[in-house]
Amino acid sequence: MNIGFTLNGRTVRVEVGPSERLLDVLRERLGLTGTKEGCGEGECGACSIIMNGMLVNSCLIPAFQADNSKIETIEGVVETAIGKAIVDSFAECGAVQCGFCTPGFVVAGAALFRENPDPTEEDVRVALSGNLCRCTGYSKLVEGVLIAARKLKERK
Amino acid sequence: MAVGKSVVRVDARSKATGKAVYVADMFMPGMLIGKVLRSEFPRGKIVRLDVKKARSIHGVHAVLTADDIPGKNVCHVVFEDMPLLATGEVRYVGEPIALIAAETEAAAQLAIEAVELDIEPLGILIDPEKYNSPDSPILFGEDNIFAHHKIRRGDIENAFAQSDTIIERVYRTTYQEHAYLETQGMLAVPTAEGGIDVYGTMQCPFYVHGAVSDVTGLAQSRVRIVQTTTGGAFGGKEDVPSLVAGWASVLALAAKRPVKLILGRTEDFVSMSKRHPSRVEVKLGATKDGKLTAAGIDILFDGGAYATLSPVVLWRGTVHSCGPYRIPAVRVDARAVATNKVPCGAYRGFGSPQTLFAIESAIDELAEKIGMDPVRIREINHLRRGDETVTGQKLGESVGLQECLERAITESDYYNLREKLHGRNGPVKRGVGISTIFYGVGLGAGGTHFARSGAYVGIQPDGSVQFAVGTTEMGQGMRTVLGQIVAEAFGIPFERVYCLPVDSSRVPDSGPTVASRATTMSGRAILVACSTLKGNLAGVIAPEWGVSPKAITFGENCAFRTDNPAKRISWNDLVERAFAQKVVLTIVGYDSSPPTSWDEDSGQGDAYVIYAWAVNVAQVAVDTRTGVVRVEKLWAAHDVGKAINPTLVEGQIEGGSVQGLGYALTEEYIIDKNGIPMNPRLSFYHIPTTVDAPEIHPIIVESAYSEGPFGAKGFGEQPLMGIAPAVANAVFDAAGIRLREQPFLPERVWPKLKKGAR
């Protein structure tokens, strides 16, 4: 079927099969490979995107459900002030190692800030708990999100 | 100065923004999807394997069995016992039997289902402790033993006879799955001139290079291996990528098209290597004042269906089995045995986490029996400079254990913390535990033939520097750390240095990226190259200054006379002059590791070139109502020689500690008594999340290694290694129960709490 949605601010139309996953449409048809597949069952969060303002795992979304929706992937998130701030603080505080999970954490962090621009450490830990990282032990990821929140607040 | 600074890693932004290219992100014209048909039986005879129907499916370009492999059907690791595809017999659930290349995932799946396969089940061996039982089948050699290593030191019987206190305990550990976020994957591309280029996620490009040549029958000169951005490895991408690359390569050659083969998560769980399950029996003797007199240790590792890396994993486990202690009499027997389960292999720590869990728990149990504090017994016995290890190696330098211990005790405020935590009442009991460990850096005497490294360093006409090494970046930060070493060697800013991706055609075989060796070994090769290049550059200006090239120093973005630093030339001007004079500014540096030695019969020798050291202190909370153990705080002191990039060192400490925490508390991969994997998914194999990770205090100790680059020695593995025993010891301190089998799940903890078992 032919579906249309807003992808990182631009309208796209794409023909999808009934069993196709949104993750594959984004990666293979639309060339947005920043969204990663880590487990294919919604456990790891590497495929996190923001759909209609909600943080979701794109591996669990049938592509046809994206019809008429508004989707933001890592490629769009990093063009926003929030996304840029998270990327910068992740880089500076050493939150990136193998990097496979990192786009998902950036997206999850951005989704958190829209709901709660002034999170506590506990808020951040809970908000990121749907994203798995095997390299960092999470300390610097949590720290990175807190630093980004502080910087964004100072800018206002 | 670049070394010692926490520069931002070169790949941080490309990864965080999603721009970094992992193998799954690569697409090529005409590219096919590769798939593997795998055994559902733990052991059986292949009585029928017919792929005719599968080949006729629309969109399918190749269906291959063992008979179609153009080269040797073997994946060489230590021995040559593992085939690329099963032939005749399958030996574990997940063993590869046939390969498919198709235009779409759906066509590939149809082809898998269309393969006509009949397997007649054969008798199985699942419990490694039954490897020598008369009704167990023989899977390897004559006795199912992949390897038997020993240590023989002193008069063990006499030493036990003279001991005031003796304990005997048995400890068990289970599988650990690497759970790298990026699963295994390769893209093989046939070249127009009959060769093959392979791109993929890996630790050891030169293993892959040899393996692809073996299975394709192509000359090694026609095979090129390029590492793509690698999404974590932890040992799990040491040997098994050779299989994945082999499958993709034979498919690509047969289909005459590029083939991308990415494993799904469950497939990766079922078929790729794991940490060896173990049983370790420890007998320790000591005098009444706590001095260790004797250690008798019996180790059994479950190797799985093929030997793969088991002999060398077991060797490291053996060498580390007595902990970082002076023990005059030692007898160790270690065996890795075959079972009908997935072959176990390399995982961060490489056989040592199992044996260190045993010895570090046993030391505490011994201290308790003597009535001594766990820290005190370690202070009395731990290795110091000038001491001999249990393999008879004299420790000449870089022994930072004492400092690690002192700092971990001080920074955790160990004694006061314990007292404070013990003073609290209620159903949640808190306590503190400690572990002291060590890690032999590099391959050691177990892998001397691989102990080499190369580095390509090219000064560009604009003065920037490009370099490449044969060890790999898998997330640990190697490209950044080595860039700092290049910058420091030339005295130029870090930003002017760039590390290229690993390409087997650019650098000499540098051995594997394992054993925490990349910084040390590639760093050494880089320094060899930089030293020659500096000599070449100095030779350009030396005659004009009337000094020998040796009397010129590089630094501050300049070259200057060592005796008169005012006499200088800028780096860029010197490079420009050197190019004008046609001086060679691109070379390959090569280095081989300092020597080691080993006697297989006595287990005596200089096992490793140098050791890293660590002390972990864990604060735990044990809920006596539920048996849930939580680690609240960790202090992790690591002697790394020199922290080239302190932030990256902290990253290794924090990440390794949390992997160790998962090993201690939650990670349990279950293969049932029929050989069937029960939980091959991240939903049912629980690695720690943000809410499980404790507060971690990394403590960096720098006891320089004179042969290492700027004093550095490797340490990436050891943050994981001492966590499980520190947690077990803390649980004992908190609740008085002794956990001798990891992971410490509530269902193991709670019955002990109920019984008050010691």
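Residues numbered from 1 in each chain as written. Chains lettered and ligands numbered in written order. Predicted model: local features only at pLDDT ≥ 70, side-chain atom pairs only at ≥ 80, totals over all residues. Heavy atoms only, no water.

So, on to the overall build of chain A. Secondary structure summary: chain A contains six helices and five strands in total. Listing the helices and strands of chain A from first to last along the sequence gives β-β-α-β-β-β-α-α-α-α-α. Whereas a compact globule of 156 residues would reach a radius of gyration of roughly 15 Å, chain A reaches 15 Å, a difference of no more than 12%. Referenced to the eigenvectors of the C-alpha coordinate spread, the extents of chain A come out at roughly 45 × 35 × 20 Å. Here chain A, with 156 residues, has 60% of them falling under the buried criterion. Sequence-distant contacts, at least 24 apart, represent 57% of the contacts inside chain A between residues at least 6 apart. About 6100 Å² of surface is accessible on chain A, with carbon and sulfur atoms providing 49% of the total. (Helix = DSSP H or I, 4+ residues; strand = E, 2+ residues; numbered from the N terminus. Rg over C-alpha atoms; globule rule 2.2 N^0.38 Å. Buried < 20%, exposed > 50% of the residue type's maximum accessible area, 1.4 Å probe, protein only. Contact = heavy atoms within 4.5 Å. Areas by Shrake-Rupley, 256 points an atom, 1.4 Å probe, with all protein chains shown as cover.)

This brings us to helix H1 (residues 22-29) of chain A. All names here are of chain A. With six of its eight residues buried, H1 lies for the most part within the structure. As for H1, its buried residues are in contact with strand E1 (2-7), strand E2 (10-15), strand E3 (48-51) and strand E5 (70-72). Among the residues trailing H1, Gly 31 stands out with phi positive, at a value near 70°.

Residues and elements named next belong to chain B. Each assigned domain of chain B is listed here: domain 1 (30-122 + 184-262), domain 2 (278-445 + 599-755) and domain 3 (452-592). In this structure, domain 1 and domain 2 have C-alpha centres spaced 37 Å apart. Contact with domain 1, which involves 18 residues of that partner, is made by 20 residues of domain 2. The largest contributions to the domain 1 side of the interface with domain 2 come from Arg 91, Tyr 92 and Phe 234, which together make up 32% of the buried area. Inspection of the region where domain 1 meets domain 2 yields zero salt bridges. (Domains from an automatic or database assignment. Buried area = accessible area lost by both parts, 1.4 Å probe. Salt bridge = Lys/Arg side-chain N within 4 Å of Asp/Glu carboxyl O.)

We now examine the pairing of strand E15 (residues 329-338) of chain B. All names here are of chain B. Taken across its ten residues, E15 has nine buried, putting it largely inside the fold. Bridge count between strand E7 (residues 145-153) and E15: eight bridges; the pairing is antiparallel. Across the sheet, Ile 145 pairs through a bridge with Val 337, a residue of E15. Pairing geometry for strand E14 (residues 292-304) and E15, over ten bridges, is parallel. Residue pairing for E15: Phe 301 is matched across the bridge by Ala 336. In this fold, E14 hands off to helix H8 (residues 310-319), which returns the chain to E15; that crossover is right-handed. (Pairing = 2+ DSSP bridges. Right-handed = clockwise from strand over helix to strand, strands pointing away.)

Our next topic: the pattern of salt bridges. All chains considered together, the criterion is met by 60 salt bridges over all chains. The residue B:Glu388 makes a salt bridge to B:Arg153 at a minimum N-O spacing of 3.1 Å. Of this pair, B:Glu388 sits in the loop between helix H10 (374-381) and helix H11 (401-412) while B:Arg153 sits in strand E7, and the two are 235 residues apart along the sequence. Overall, the relative accessible area of 16% leaves B:Arg153 in the buried class. A salt bridge links B:Arg418 to B:Asp733; the nearest nitrogen and oxygen atoms lie 2.8 Å apart. Placement of the pair is B:Arg418 in helix H12 (residues 414-422) and B:Asp733 in helix H18 (residues 723-735), with a sequence separation of 315 residues. Among the residues examined, B:Arg418 registers a relative accessible area of 18% and is labelled buried. Take B:Asp733: its relative accessible area is 14%, and that puts it in the buried class. Taken together, the shared-partner salt bridges in this structure form one network comprising A:Asp88, A:Glu92, A:Lys151 and B:Arg13.

Moving on to the sheet that holds strand E16 (residues 428-441) of chain B. All names here are of chain B. Taken in spatial order, the four strands of this open sheet run E16-E24-E25-E26, and their pairing is mixed. A single partner strand is all that each edge strand has here, and the edge strands are E16 and strand E26 (695-701). Strand-to-strand, the axes of this sheet are offset by a mean angle of 15°, without reference to chain direction. The pairing of E16 with strand E24 (residues 610-623) spans 14 bridges and is classified as antiparallel. From the neighbouring strand, Gly 431 faces E24, where its bridge partner is Val 620. Here H12 sits on the sheet in contact with E16, E24 and strand E25 (629-639), set at roughly 150° to E16. (Axes fitted to C-alpha atoms, helices over the stretch in contact; angles between N-to-C directions.)

With 42 residues of chain A at the contact, the number on the chain B side is 50 residues. Taken over both partners, the interface formed by chain A and chain B buries close to 3600 Å², and the fraction arising from carbon and sulfur atoms is 58%. Of all residues in chain A, A:Gln97, A:Cys98 and A:Arg134 give up the largest surface area on contact with chain B, accounting jointly for 22% of the area buried on that side. For the interface between chain A and chain B, the tally reads eight salt bridges. In this structure, the salt-bridge partner of A:Lys140 is B:Glu650, at a minimum N-O distance of 2.6 Å. In this assembly, chain A and chain B are joined by 28 residue pairs in polar contact (both at pLDDT 80 or more). Contributing elements (two or more residues each) for the side of chain A that touches chain B: H1, helix H3 (81-93), helix H4 (102-115), helix H5 (121-127) and helix H6 (139-155) of chain A. Of the residues forming the side of chain A that touches chain B, the biggest block, five residues, is contributed by H3(A). Looking at the side of chain A that touches chain B, its residues break down into 20 nonpolar, eleven polar and eleven charged. (Polar contact = N/O pair within 3.5 Å; in protein donor to acceptor, adjacent residues only side chain to side chain. Nonpolar A, V, L, I, M, F, W, Y, C, P; charged D, E, K, R; others polar.)

A surface patch of nonpolar side chains, amounting to about 240 Å² of accessible area, comprises B:Ile670, B:Ile676 and B:Met678. The topology assignment puts B:Ile676 in the loop between helix H16 (646-665) and E26. (Patch = residues over 30% accessible without salt bridge, like charges linked within 9 Å, V, L, I, M, F, W, Y side chains within 5 Å.)

All names here are of chain A. Read from one edge to the other, the open sheet built from five strands follows the order E2-E1-E5-E3-E4, with strand pairing classed as mixed. Single-partner strands in this sheet number two, and they are E2 and strand E4 (54-57). For this sheet, the mean angle separating the axes of adjacent strands, direction not counted, is 40°. Alignment of E1 against E2, held across six bridges, turns out to be antiparallel.

With that settled, consider the nonpolar core. All names here are of chain B. Among the nonpolar cores identified, the biggest contains 191 residues, and Trp 247 and Val 727 are the most heavily contacted of them. Top contributing element to this core by residue count: helix H6 (residues 241-255), with nine residues. Not counting chain neighbours up to four residues away, the residues in contact with Val 727 comprise Ala 618, Val 620, Val 629, Val 631, Ala 664, Leu 665 and Phe 744. Membership of the second largest hydrophobic core comes to 47 residues, among which are Ala 2, Val 497, Ile 541 and Ile 569. (Core = buried A, V, L, I, M, F, W, Y, C linked by side-chain atoms within 4.5 Å.)

Checked against the element boundaries, B:Ala693 lands in the loop between H16 and E26. Among residues more than four places away in sequence, those in contact with B:Ala693 are A:Arg125, A:Gly137, A:Tyr138, B:Val658 and B:Leu661.

For the structure shown, the criterion picks out 20 aromatic pairs over all chains. Summarising the aromatic geometry, the rings of A:Phe105 and A:Tyr138 are spaced 6.3 Å apart at their centres and angled 50° between planes, so their arrangement reads as tilted. Remark: A:Tyr138 occurs in the loop between H5 and H6 and A:Phe105 occurs in helix H4; sequence separation between them is 33 residues. Ring geometry for B:Tyr414 and B:Tyr415: centres 4.9 Å apart, planes at 85°, overall edge-to-face. Note on B:Tyr414: relative accessible area 1%, which makes it buried. Each member of the aromatic cluster is reached from another via a ring pair, and the members are B:Trp315, B:Phe438, B:Trp598, B:Tyr608, B:Tyr611 and B:Trp613. Positioned above the aromatic ring of B:Tyr180 is the side chain of B:Lys237, whose terminal nitrogen or guanidinium carbon lies 4.6 Å from the ring centre. (Phe/Tyr/Trp six-rings, centres within 6.5 Å; stacked < 30°, edge-to-face > 60°. Lys NZ or Arg CZ within 6 Å of the ring centre and 35° of its normal.)

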